[in-house]
Amino acid sequence: MAEIVFKINGKEHKVDGKFDPDVTLNEYIRNVAHLRGTKVMCREGGCGACVVTIQAALPPSNEVKTFAVNSCLVSILSCHGWDVTTIEGIGSERTGYHEIQKRLARFNGTQCGYCSPGFVMSMYSLYMSKNKNLTTKEVENSFASNICRCTGYRPIAEAFKSFAIDADKTLLDKVADLEDLHLLKSCTKDCLKNCSINKCTNQKILSKNIDLFKNKFDNSWCIIENLNSQMFMVNSPAYRWVKAYSLADVFKAMQGDKNYKLIAGNTGQGVNQQTDYPSNIIDIFSVYELKEHVLDVNLILGAGISLSELMGIFQDLSTSTDDFKYLKELHDHLDLVAHVPVRNIGTIGGNLMLKHINNEFQSDLFLMFETVGGVVTIAEEVGKNTTMALTEFLKLDMNGKVIVNVILPPLSQCCSLKTYKIMPRAQNSHAIVNAGFLFKFHHNSQLLESATLVYGGISKNFIHAARTETILIGRDPYTNETLQLVLRSLQEEMQPEENPPEPSAEYRKMLSICLYYKAILYLCPEEKINPRFKSGGKVFKRDVSKGSQSFETDESLWPLNQPVTKLEAIVQCAGEAEFSNDIPAMSDEVFGAFVTTDINPGNIISGFDTNQAFNVSGVLGFYTAKDIPGNNSFTPSKIPIMDVDEEILCSGKVMYYGQPAGVIIANREQTAQKAAKLVKILYSSVSSKKPLLTIDSVLESPEMHERMSNNQIIEPTDIGNDVKYVLSGELKLKGQYHHYMELQTCVAIPTEDGLDVYSSCQWLDLTSVAIAECLNLPVNRINVIVRRLGGGYGGKISRSSQIACAAALIAHLERKPCRFVLPLITNMKSIGKRLPLNSKFEVGANGEGVIQYLKTTFHQDHGYSFNENISGRTIAHFYSCYDPRRWKIESNSIITDTASNTFCRSPSSTEGIAMIENIMEYIAYNIGKDPTQVRLINMESENNPFPDMINQLKTDSEYDRRNGEIITFNAQNRWMKRALKLMPMTFEIYYFGNYNSVVSIYHADASVVICHGGIAMGQGLNTKVAQVCAFVLGVPLDKIRIKPSTSLISPNAMVTGASIGSECVAFATKKACEILLERFATIKAKGTYSWEELIAKAYEEGVDLQATYMYSAKDDLKPYNVYAVCALELEVDILTGNHDVRRVDILEDTGRSLSPIIDVGQIEGAFVMGLGYWTSENLVYDQSTGELLTNRTWTYKPPGIKDIPADMRIYFRRNAGNEHGLLQSKATGEPAFCLATIILHAFREAIRSARLEGGYPDQWLDIGIPCTAENVFTAVEHKVEHFVLM
Ligand SMILES: Cc1cc2nc3c(=O)[nH]c(=O)nc-3n(C[C@H](O)[C@H](O)[C@H](O)COP(=O)(O)OP(=O)(O)OC[C@H]3O[C@@H](n4cnc5c(N)ncnc54)[C@H](O)[C@@H]3O)c2cc1C
Ligand code: FES
Ligand code: FES
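Residues numbered from 1 in each chain as written. Chains lettered and ligands numbered in written order. Predicted model: local features only at pLDDT ≥ 70, side-chain atom pairs only at ≥ 80, totals over all residues. Heavy atoms only, no water.

Further remarks concern the packing of helix α26 (residues 764–775) against helix α27 (residues 800–814). Relative orientation of the contacting elements α26 and α27 amounts to 45°, with a least axis distance of 9 Å. Taken together, the axes of α26 and α27 lie oblique to each other. Considering the relative orientation of α26 and α27, their crossing is right-handed. The segment α26 lies against α27, with Leu766, Thr767, Ala770, Ile771, Cys774 and Leu775 engaging Ser801, Ala804, Cys805, Ala808, Leu809 and His812. For the contact of α26 with α27, the class distribution of residues is 9 nonpolar, 3 polar and no charged. (Axes fitted to C-alpha atoms, helices over the stretch in contact; angles between N-to-C directions. Helix = DSSP H or I, 4+ residues; strand = E, 2+ residues; numbered from the N terminus. Parallel < 35°, antiparallel > 145°, perpendicular 65-115°, else oblique. Left-handed = near helix turned anticlockwise from the far one by under 90°. Contact = heavy atoms within 4.5 Å. Nonpolar A, V, L, I, M, F, W, Y, C, P; charged D, E, K, R; others polar.)

What follows is about the packing of helix α35 (residues 1061–1086) against helix α36 (residues 1091–1100). Where α35 contacts α36, the axes come no closer than 10 Å and their chain directions differ by 110°. Of the possible angle classes, the one that applies to α35 and α36 is roughly perpendicular. Within the contact between the two elements, α35 uses Phe1080, Ile1083 and Lys1084 and α36 uses Trp1091, Leu1094, Ile1095, Lys1097 and Ala1098. Within the contact of α35 with α36, the residues separate by chemical class into 6 nonpolar, no polar and 2 charged.

What follows is about the site of ligand 1. Of all residues adjacent to ligand 1, which total 38 residues, the nearest are Leu262, Thr267, Thr347, Asp364 and Lys421. Within the backbone of Gly268, a nitrogen or oxygen atom sits 2.7 Å from an oxygen atom of ligand 1. In isolation ligand 1 offers 970 Å² of accessible surface; the protein chains occlude 96% of this area. Among the secondary structure elements, those contributing two or more residues to the shell around ligand 1 are β8 (260–263), α14 (340–345), α15 (348–357) and β14 (402–408). Residue contributions to the shell around ligand 1 peak at 6 residues, all from α15. Residue classes in the shell around ligand 1 are distributed as 18 nonpolar, 16 polar and 4 charged. (Near = heavy atom within 4 Å. Polar contact = N/O pair within 3.5 Å; in protein donor to acceptor, adjacent residues only side chain to side chain. Areas by Shrake-Rupley, 256 points an atom, 1.4 Å probe, with all protein chains shown as cover.)

Strand order across the open sheet formed by 8 strands is β21-β22-β19-β29-β26-β27-β28-β37, with mixed pairing between neighbours. In this open sheet, the two strands that pair with only one neighbour each are β21 (619–624) and β37 (1045–1046). Note that strand β19 (residues 590–596) and strand β29 (residues 818–821) share 3 bridges and pair parallel. Bridged to Gly592 within β29 is Phe820. Those strands touched by helix α24 (residues 669–678) are β19, β21, β22 (660–666) and β29, and its axis lies near 20° from that of β19. (Pairing = 2+ DSSP bridges.)

Right, let's get into the packing of aromatic side chains. Per the counting criterion, the structure on display carries 43 aromatic pairs. An angle of 80° between the planes, with centres 5.0 Å apart, marks the rings of Tyr114 and Phe579 as edge-to-face. Linking Tyr114 in the loop between α3 (99–106) and α4 (116–129) with Phe579 in the loop between α22 (569–573) and β19, this pair joins segments that are 465 residues apart in sequence. Like Tyr114, the residue Phe579 is buried in the burial classification. By the ring-pair criterion, three or more aromatic residues cluster together here, those being Phe437, Phe439, Phe441, Tyr455, Phe462, Tyr478 and Tyr516. (Phe/Tyr/Trp six-rings, centres within 6.5 Å; stacked < 30°, edge-to-face > 60°. Buried < 20%, exposed > 50% of the residue type's maximum accessible area, 1.4 Å probe, protein only.)

Within the largest apolar cluster, 291 residues are counted, with the highest numbers of intra-cluster contacts made by Phe439, Tyr455, Tyr516, Phe1080 and Phe1167. Considering every element that reaches this core, the biggest residue donor is helix α20 (residues 505–523), with 12 residues. For Phe1167, the contacting residues outside a window of four places in its chain are Cys1126, Leu1128, Val1144, Ile1146, Pro1205, Met1208, Ala1232, Phe1233, Leu1235 and Ala1236. Of all hydrophobic cores here, the second largest spans 40 residues; its members include Leu317, Leu334, Met388 and Leu438. (Core = buried A, V, L, I, M, F, W, Y, C linked by side-chain atoms within 4.5 Å.)

For the rest of this paragraph, the subject is the confidence of the model for the protein. Looking at the protein, the pLDDT average stands at 94 and 96% of residues meet or exceed 70. The model gives residues 181–199 a pLDDT under 50, and that stretch makes 28 contacts with residues more than four places away or in other chains. For the stretch residues 215–226, pLDDT sits under 50, and the model shows 27 contacts to residues farther than four places along the chain or on other chains. (pLDDT = per-residue confidence, 0-100.)

Attention shifts here to empty space enclosed by the protein. Taken as a whole and judged by the stated rule, the model has 13 cavities of 30 Å³ or more. By volume, the largest cavity amounts to about 160 Å³. Looking at the largest cavity, it is lined by 15 residues, and the ones nearest its centre are Glu27, Arg30, Asn31, Arg43 and Glu669. By residue number, the principal contributor to the lining of the largest cavity is helix α1 (residues 25–32), which donates 4 residues. Partitioned by chemical class, the residues of the lining of the largest cavity number 3 nonpolar, 5 polar and 7 charged. The calculated volume of the second largest cavity comes to roughly 110 Å³. Taken together, Arg30, Val40, Met41, Arg43, Tyr114, Asn581, Glu669, Glu742, Leu743, Thr745 and Val821 make up the lining of the second largest cavity. In terms of residue class, the lining of the second largest cavity is built from 5 nonpolar, 2 polar and 4 charged. (1 Å grid on protein atoms, 1.4 Å probe; cavity = no way out; pocket = protein on both sides within 12 Å on 5 of 7 lines; lining within 4 Å. Points joined across faces, edges and corners; volume = space filled by probe spheres on them.)

Taken together, 3 strands build an open sheet; the order of strands is β15-β16-β17 and the sheet is antiparallel. Lying at the two open borders of the sheet, with one neighbouring strand each, are β15 (415–422) and β17 (448–456). Within the sheet, the average angular offset between the axes of one strand and its neighbour, ignoring direction, is 5°. Bridge count between strand β16 (residues 433–441) and β17: 8 bridges; the pairing is antiparallel. Bridge pairing links Phe441 to Leu448 in β17.

Set out below in structure tokens:
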């Protein structure tokens, strides 16, 4: 039997029919090759965690190429002849780390580290594929594939841009500053110092960049060449996998078994996930006839050409051939299709077939080819080809047929072409609407011979605006008259269908009209257009981003206050850092998956039909609530904050769509997940009652009273009597998915006396108690172990115990190790999110804006249970920096029919601060005063840091000058508008809970080890703790190691959250160190000893070298305020609703930072996550069932690398300290998130400017939140008559 042969990191692997086609390269790398450095999250090409490098000989030339792929999309059977390199293959502790790994670590480009291997491998592939000739712009443009939720991308971008040939001096200086001295051997230490200001080191770094990649690959190795390209098959009882090399092979293979599927790059998996394969799979990736391109009169493009190759062809021909100059436009459009790893193997034919299979798919290739008049060639047997229009192809029965090529015509100088793709974020998204416009003019005339207007994203069958195309014939498109005629025609012709979760039909309709106008503005000769309108034709094309970080550091305190690299940074960047699911495979392990409810809330489960599931080979068992030996609750009441029991598995009444109701057990993760979908839940009372999904729907329903709990009413203690203005308004905030890169995970392993539980949780105590109660075991039989989390952001505080209980249940009942990882869709559907909030206010203000009274009422949406009430904290944060004595506040909690909501980074503070800042803006707007002044006069006058901080930031950010420039810009541009806003914030930090730390010293070498009850999840907790320990003990930082957190050593530890984990654990560590120092005092009094001598002596004298301390409320850490001011400038494309954040300046009071670089990372990361919340992250539910529809990377869009501020400047407040916090420091994990609310104010300002020009009255705007492209666009209220040329 034939085999698939490939290499991983130089080692040959052979795969036969034992491997099903759904075994991905990722699964193979992790579970068969046992290389756990490569991560996995979305399994659909949307996150980049799984990227690896491939070197392979690619037809038609069989030239050996290097490229990145998403290992989650590639079937292992597709890897024949590939040389796969994983993160372990480029560098490790044993072989020496690779420079990319080192640089990412040293630039602080890793926080939780889950995304880091994927970023490193994307960079590695890019560098190799571009033959080291990378520019900074190319680097920044090439990471649409990779999502990082922690860092805010700036340090990642900088680390990688330092490899570019045009890396600027600042970046190269940074590399020099961060270099190990030994790496620059020929430099003396003095030289190195000087080099940061002269060229010597910089040049060395540039040439070192190149040396680093020399001879990494053995180019002689190439299986394909050795295997003489003969078709072969890999057979299993259920499938046969045919590796085809020619079209003849393909048709022969099709004849063999008509139940077939063609696979080219297999990236279509990322669009429509397929778990069931037909019996005959034909791999056409290497079919040489599909790989060629030929230019005669036309350009013939083989259907097997990858999108990356296609971009190369377009780039070359657009510069070399007049009639194909237009390909530059298509090249630029292709740059917005998917991302580099998908484009590397995704093919033309695959893309067109996705459109064929699902006509709704907004295929960019189809759009482009159809716009320029391309045709497609279809073969039904060798030599029997038919060429047809793409529109005909869509209707063709493709059974037994192959797309052979696409033919693009030359376009003469009489043609003008423009295409657009409008997306919810800057990169890696399918189009909301895409459009292509081609005008063909009569020779030497301004009149049109023909016009092509093609659209995607409108409806299943809509391709051409055919009627409008006809209207244009014989007309000059660049006159107001034609323009109006066309726009009115489009208004009638464009009838988009509602297609949730896609944006509304109304938006897509008006957007498609605007895109025509945009194209006209772009193409119109300068003399025929008002210069103020011209910029409306452009889309945002950002230059490379940049940033600066300004902080003080006191060297006398080092390692405290020292800007150090995170302790775990290098192992994270090398893929050596262990996450819960990285513990090695065990021979008898099983995998669990939730069966979730698929019906409207309120129905009752009566049973389960598991027949189909058990027909899947490898399924081992199924458990429901009835099998739980103890308490069916993952929120036990013995744990603080947990007021209500939430069921691990639904035992009867369904609370929300997607609620876990059973667990399937199988011998493979994919099998468990597939079988879970096949279990049918039976319901005894089938209710079709519409679920109540929002606060408004509850408040309007008869169930309002039973679903609402009134939490608090705060009465004012003062009232003013100078009321000149009475103003009222509201603010409605939605939820947010945490989007941690490591999904909810737990591995439970039976032990002699109970269970070892590797859980990705933020709370050891909750997890161990919930499992113990669920299994009816004493807590001392459960050992929860957490090395680190791949991001938590609050989503793993309480929700992770549900997954841990399910894994523990299986391990306990089966007596086998159980791995339980929630797939992304289940993770998104079944787990609660940030609490939405609705608020209403009425405020009385005097002529200056001083609040005389304020009444505000808010409601928070808890989902289906009242757990985790944050209303008290919301009120505390609502006060922010203002005097609240005249404020009346009422807070309420609401139950909706959604998953129980939970803490999400800056819970309560985000909402509290957004509410009050909205009110401040509202007052300022309505009384016509400067918003900063209105804010200042409503603050307490004593000990107010803001006048100084605001002035400082205004100076640093050149606020006044830039404001002047913006006024000019807005006057000169009708369709692009800018705004610059400023906002202060006070964020109260308060302490709670118990956090222990155990500091132990080994007598043999005086090295120190710390175990503590906090959870490291990217916030730099371990580094800060080690810095404090080193500072107090007076030892070098590298003497200290931090071990995983366990419930054994930290039995009653409080949740790590609310920004205080690092401080409390560091406090406990400091105290433990002081206990040790006290024990050494008598020895020290007797003489002077080195650290090692001191410890040896103490050991001899029987001194206990281990000390423990637990921080609790009895200790003297007191609440304190973090102060910050932020300025943000953005530009809005008024014709699409897209935006670009041009610059952000943040001045934050970090006290005397324990670890400045880590705190910079916390501020930047929090702010960018906040930008996502306010802009692109939108949760859309099915209104009739309550199912979450934005439940994948395809539909839920956190910010990518090009969504961050183009210029981001962080300043720590100078000369700051903090008498209440730990060692004068302040927390940084959450506050900056709340500053992102400023973008709402900036949008409002920019849109207002556009509306005023449109003749609308000057009125306050309530923009829908989040400020998606749709909500921004809708707020403009476009009218067709506004779209003119002069
Ligand atoms: C994360 C992500 C983002 C994306 N973003 C975009 C985007 O913004 N715009 C866009 O247009 N597309 C986008 N795509 C789609 C992407 O372009 C396609 O996945 C890709 O082009 C498919 O090519 P493939 O070779 O991998 O196809 P495969 O997955 O191998 O095949 C897809 C389908 O086509 C069939 N097929 C393949 N080749 C042929 C052939 N020659 N003849 C007949 N049938 C054939 C297969 O049988 C299969 O049914 C995205 C995809 C991903 C994963
Ligand atoms: S896991 Fe492969 S891209 Fe997300
Ligand atoms: S460091 Fe990138 S996701 Fe955490």
